[in-house]
Amino acid sequence: KTEVGLGVLSIPEAFDILGMIPGIILLLAIGAITTWSSYVVGQFKLNHPQVYGIPDVGMLLFGPIGRDFLAIAFCLFWIFIAGSAMLGVSIGLNAVSTHGACTAVFVAVAFVIAFAVASIRTLGKISWLAWVGMFSILAAIFSVTIATGVQDRPAAAPQTGDFTSNWELVGHPTFAQAMSAISSLIFAFAGVPAYFSIASEMRNPKQYVWSLALCRSIAIGTYLIIGIVVYYFCGSYVASPALGSAGALMKKISYGLALPGLMVSMVLYTHLTAKYVFIRALRNSKHLTSNSLVHWATWIGCVFGTAIIAYCI
């Protein structure tokens, strides 16, 4: 779930900007680079079993300053993703309800859901949420991928006259457009920072490499299929997020399927960030493990602060 999520929804548009061949080459190159990075994470974890997350790596490398710097960077990274998920949830609610309310209202609804559910302290133990989120996203994107292949034309294309997809082998983007598209591809592989924590939770960390190989094979294969098929059939009429590429009815269906996954991403990233800040704030205090007023006020404050920053972003 840390790998296959929000990022996959922007891959077809990145292919539209870059062109089919550069898009495939860059996707495979970024996949190779981040897979090697992920492998190094596993080896580092085996050599330094005391490391749980990225801030611990900063402590080993650069001392307390490095720990605090990477802790801030790590928290901001997850908060930005939580904000992106809130926006995704609002777009999904808009699509399912046929714009039943203002987008600002739906973003506020997403914030309320994130704050309420992420406030559950034991949420980190409910690992099945990640499975629900992953299968939700996969069901949505593969539904759209299949629909774009069997439909007459994409939703954004002219609905009268003959239609032929205008996909290109090589695009002609400006520098800014190309960097934006490449950033979208990198974002699709942005689960690596969580791998330290995942490796720490494994019963046998020596199985990390096999888990990584399975994960990356599925992720890269999925990204290629979605990027190639959706862009091939939609051309420049591809939507971003890609779930809106296959017509009004399919847009409702796909967003309905994707909403649980988007909500899980939003809730998990809000919870994990708040939990880290909470533990750092009370790490030398008796209130960390008690049910005191200070404990609960700090916890609720951390969750609310994380959620409201993501909402503002």
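Shown above is the structure to which this text applies.
Residues numbered from 1 in each chain as written. Predicted model: local features only at pLDDT ≥ 70, side-chain atom pairs only at ≥ 80, totals over all residues. Heavy atoms only, no water.

**Observations regarding the layout of surface pockets**
Point 1. When its volume is computed, the largest pocket comes out at roughly 2,100 Å³.
Point 2. Lining the largest pocket are 49 residues, and of these T2, A194, S197, I198 and E201 sit closest to its centre.
Point 3. Elements with a contribution of two residues or more to the lining of the largest pocket: α3 (54-96), α5 (128-150), α7 (195-201), α8 (208-234) and α9 (248-282).
Point 4. The dominant element in the lining of the largest pocket, judged by the number of residues it contributes, is α9, at ten residues.
Point 5. Grouping the amino acids of the lining of the largest pocket by side-chain chemistry returns 29 nonpolar, nine polar and eleven charged.
Point 6. Size it by volume and the second largest pocket reaches roughly 340 Å³.
Point 7. Along the wall of the second largest pocket there are 18 residues; nearest its centre are L6, S10, S84, S240 and P241.
Point 8. If you list the elements that add at least two residues to the lining of the second largest pocket, you get α1 (11-18), α3 and α6 (175-188). (1 Å grid on protein atoms, 1.4 Å probe; cavity = no way out; pocket = protein on both sides within 12 Å on 5 of 7 lines; lining within 4 Å. Points joined across faces, edges and corners; volume = space filled by probe spheres on them. Helix = DSSP H or I, 4+ residues; strand = E, 2+ residues; numbered from the N terminus. Nonpolar A, V, L, I, M, F, W, Y, C, P; charged D, E, K, R; others polar.)

**As for the nonpolar core**
Point 1. Within the largest apolar cluster, 75 residues are counted, with the highest numbers of intra-cluster contacts made by V8, M86, I141, L185, Y223, L243 and M266.
Point 2. A per-element tally of this core places α3 first, with twelve residues.
Point 3. With near-sequence residues (within four places) excluded, L243 lies in contact with L9, A140, I141, V144, K251, S254, Y255 and A258. (Core = buried A, V, L, I, M, F, W, Y, C linked by side-chain atoms within 4.5 Å. Buried < 20%, exposed > 50% of the residue type's maximum accessible area, 1.4 Å probe, protein only. Contact = heavy atoms within 4.5 Å.)

**Quick word on the packing of aromatic side chains**
Point 1. Summed over the entire model, instances satisfying the criterion amount to 14 aromatic pairs.
Point 2. Geometrically, the ring pair formed by F111 and Y311 is tilted, given 5.5 Å between the ring centres and 50° between the ring planes. Here F111 is found in helix α4 (residues 103-118), whereas its partner Y311 is found in helix α10 (residues 293-312), with 200 residues between them in sequence.
Point 3. Classification of F111 by relative accessible area gives buried; the value is 13%.
Point 4. A relative accessible area of 32% places Y311 in the partly exposed class.
Point 5. These aromatic residues form a ring-pair network of at least three members: F74, F77, W78 and Y269. (Phe/Tyr/Trp six-rings, centres within 6.5 Å; stacked < 30°, edge-to-face > 60°.)

**Points about the packing of α5 against α9**
Point 1. Contact geometry for α5 and α9: axes closest at 7 Å, N-to-C directions at 160°. Taken together, the axis directions place α5 and α9 in an arrangement best described as roughly antiparallel. Of the two elements, α5 crosses α9, and the hand of that crossing is left-handed. For the pair formed by α5 and α9, the contact residues are L129, A130, V132, G133, S136, I137, A139, A140, S143, V144 and A147 on the first element and M250, S254, L257, A258, L259, P260, G261, L262 and V264 on the second.
Point 2. Counted by class, the contact of α5 with α9 contains 15 nonpolar, five polar and no charged residues. (Axes fitted to C-alpha atoms, helices over the stretch in contact; angles between N-to-C directions. Parallel < 35°, antiparallel > 145°, perpendicular 65-115°, else oblique. Left-handed = near helix turned anticlockwise from the far one by under 90°.)

**Details of empty space enclosed by the protein**
Point 1. With the rule as written, the count across this model stands at two cavities of 30 Å³ or more.
Point 2. Taken as a whole, the largest cavity encloses approximately 130 Å³ of empty space.
Point 3. What lines the largest cavity is a set of 15 residues, among which T2, G5, L6, F187 and Y269 lie closest to the centre.
Point 4. Elements with a contribution of two residues or more to the lining of the largest cavity: α3, α6 and α9.
Point 5. Residues of the lining of the largest cavity, tallied by class, amount to eight nonpolar, five polar and two charged.
Point 6. There is about 30 Å³ of room inside the second largest cavity.
Point 7. Looking at the second largest cavity, the residues that line it are V8, L9, I141, V144, T145, I226, V230, A242 and L243.
Point 8. With three residues, α5 is the single largest residue contributor to the lining of the second largest cavity.
Point 9. Classifying every residue of the lining of the second largest cavity gives eight nonpolar, one polar and no charged.

**Regarding the packing of helix α2 (residues 20-47) against α8**
Helix-helix packing is characterised by the crossing angle of the two axes and by the distance between the axes.
Point 1. Across the interface, α2 lies against α8 with an axial gap of 11 Å and an inter-helix angle of 165°. As the angle between them shows, α2 and α8 are arranged roughly antiparallel. Here α2 runs over α8; the crossing is right-handed. Judged by residue contacts, M20, I24, L27, L28, G31, T34, T35, S38, Y39, V41, G42 and Q43 of α2 engage Y208, V209, L212, R216, I220, Y223, L224, I228, Y231 and Y232 from α8.
Point 2. Tallied by class, residues from the contact of α2 with α8 come to 15 nonpolar, six polar and one charged.

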